[in-house]
Structures are given as structure tokens and as C-alpha cells.
Amino acid sequence: MNNIKLKLENISKSFFLKKVFENLSYEFTPGCYAIVGSNGAGKSTLLSIMSGSISSDSGFISINDINLTKHSVKAKRHISYVTDEVLVYPFMTGKELLKFICAAKKSEISSETEKLLTGFNIHDFMHVCFSEMSLGTQRKFLLAASTISNPDIYIFDEPTNAIEQSSREFFINYLLGIKDKKIIIFSTHDKELINCLNAKELRLEKHPIHQLIS
């Protein structure tokens, strides 16, 4: 798709009467974007809203001109979201995770997925349960699985956490290879990651109410 975009329009969100965002607007087009800010600024909340995992209180999000609230299933076909937490059943193996996501997305293991499995060197863990993997290996499976269905938009929460340097460098190079044709949005405290990807920094500020400042 040539007209890839993710658009936030007047997004507001509160938790227990505490406002997190109010009338937050921004339009993302292909490239890398780093959501930065202090702890508690709402970075993970914003990523969850953009991915459709949680809803905003008002405003709307469109994915390639598809309203994420009204046409959730259709819009989410264009998104891949990897959280900072590993939300996988501990008894599930690496291969079972990939098969599960393929079934959910009605897709198959792609050449891109294979590229990440090989680059991360995790083929030997295909039949290992998540409970027996290191945190880094778990996260590498989730990052590899994010390429299933070849999404237009990648949303990552602290993507390089717990990953060793060689895999980190491989993943950065992979993102550099796709950044001109995909939207890549990630939260991070890693300044080196931002610099390596030449990502546009969008700072989430608390004053007066959380806003994205580029």
C-alpha cells in the first residue's frame, strides 16, 4: 500500500478521573518514530491505544483511512504490536506461538519471519516452552512473530530490552531496511537505538496535559 498512515485525532484518555491525554493529535507516515518521556508519562498507554488494545475515551484513530474503533478487525490487519511484557502461555513452545499467530492473522510464516528467526538464531528453541526460555529469547520470538502477515505498521514497547548486543544490532539493521516503506513506532529510553535508526523523537510531556512534542 502506497498511502500508509496512522492518524490520531483529538485522543483523550483518563484513568480513575486522572487525565492522561487530552485532544492528542498526530499523523504518522512511513519512517521511524521514538516515543520518549519520563516514567509514567503514558508512553505504553499511548501505544496500546494506537494498537487498538485499549480504547480512548474520545477522539478516533484511523489506520490507512480505516477507523480503528468502527472497523477494528479490518484496521488491525495492518498493525503488529509487541508489548514490553511477554504475554504468552508459559507452556507454549516457540513453534506453537508462531502457529497461533498465523492462525489468528490467517497468514503463514513469511520470508521476513524466517529472516528474523535466523538472524536471532532461535530455530533451536522452536520446541522449547516459553517457561524454559530466557527473557531475551522470549522477546526475540515475539519480534520475529511481529512480521507475520507483513503489516504496514509496527508498534513496539521497548523492543530491545533483554536482547544481547549481536541480536540488537541485527534487529536495528532489519528495521533500517524497512523503515522507508513501513511505519515503525516505538517507546524507548535507549538513545543509541534512536540515533541508529535516525528516528524522529516525539516527546510525551505532562504539562499541562500530556502532549506529543516533535
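Just above sits the structure.
The following refers to the structure shown. (Residues numbered from 1 in each chain as written. Predicted model: local features only at pLDDT ≥ 70, side-chain atom pairs only at ≥ 80, totals over all residues. Heavy atoms only, no water.)

A word on the overall build of the protein chain
Then step 1. Helix and strand counts for the protein chain stand at 7 helices and 10 strands.
Then step 2. The C-alpha radius of gyration of the protein chain comes to 17 Å, within 12% of the 17 Å expected for a compact globule of 214 residues.
Then step 3. Along the longest, intermediate and shortest principal axes, the C-alpha atoms of the protein chain span 50 × 35 × 35 Å.
Then step 4. Looking at the protein chain as a whole, 49% of its 214 residues are labelled buried. (Helix = DSSP H or I, 4+ residues; strand = E, 2+ residues; numbered from the N terminus. Rg over C-alpha atoms; globule rule 2.2 N^0.38 Å. Buried < 20%, exposed > 50% of the residue type's maximum accessible area, 1.4 Å probe, protein only.)

Notes on the environment of threonine 45
Then step 1. Along the chain, the position of threonine 45 falls in helix α1 (residues 43–51).
Then step 2. As a C-alpha pair, threonine 45 and serine 12 span 33 residues in sequence and 11 Å in three-dimensional space.
Then step 3. Excluding residues within four positions of it along the chain, threonine 45 makes contact with Lys13, Phe15, Phe21 and Ile54. (Contact = heavy atoms within 4.5 Å.)

Comments concerning the packing of helix α4 (residues 111–119) against helix α6 (residues 165–178)
Then step 1. At a minimum axis separation of 10 Å, α4 and α6 run at an interaxial angle of 155°. With respect to α6, the axis of α4 lies roughly antiparallel. Considering the relative orientation of α4 and α6, their crossing is right-handed. Touching Glu112, Lys115, Leu116 and Gly119 of α4 are Phe170, Phe171 and Tyr174, all from α6.
Then step 2. Tallied by class, the residues present in the contact of α4 with α6 amount to 4 nonpolar, 1 polar and 2 charged. (Axes fitted to C-alpha atoms, helices over the stretch in contact; angles between N-to-C directions. Parallel < 35°, antiparallel > 145°, perpendicular 65-115°, else oblique. Left-handed = near helix turned anticlockwise from the far one by under 90°. Nonpolar A, V, L, I, M, F, W, Y, C, P; charged D, E, K, R; others polar.)

Description of the packing of aromatic side chains
Then step 1. Inspection of every chain in the model, using the stated rule, returns 9 aromatic pairs.
Then step 2. Relative to tyrosine 33, the ring of phenylalanine 28 has its centre 4.9 Å away and its plane inclined at 85°; by these criteria the two rings are edge-to-face. The same class applies to phenylalanine 28 and to tyrosine 33, which are both buried.
Then step 3. With centroids separated by 5.7 Å and ring planes inclined at 20°, the aromatic side chains of tyrosine 154 and phenylalanine 156 adopt a geometry described as stacked.
Then step 4. Of the residues examined, tyrosine 154 reaches a relative accessible area of 2% and is grouped as buried. (Phe/Tyr/Trp six-rings, centres within 6.5 Å; stacked < 30°, edge-to-face > 60°.)

Quick word on helix α3 (residues 94–105)
Then step 1. In a regular helix each residue adds 1.5 Å, so 12 residues correspond to 16 Å; α3 covers 17 Å between its end C-alpha atoms and thus fits that length.
Then step 2. Taken together, the buried positions of α3 are Gly94, Leu97, Leu98, Ile101 and Cys102. End-on, the buried residues of α3 take up no more than an arc of 135°, which puts them together on one face. Turned more than 90 degrees away from the buried face of α3, the exposed residues are Lys99, Phe100, Ala103 and Ala104.
Then step 3. Check the buried side of α3 and you find it contacts α4 and α5 (135–145). (Expected span 1.5 Å × (residues − 1). Arc of directions from axis to C-beta.)

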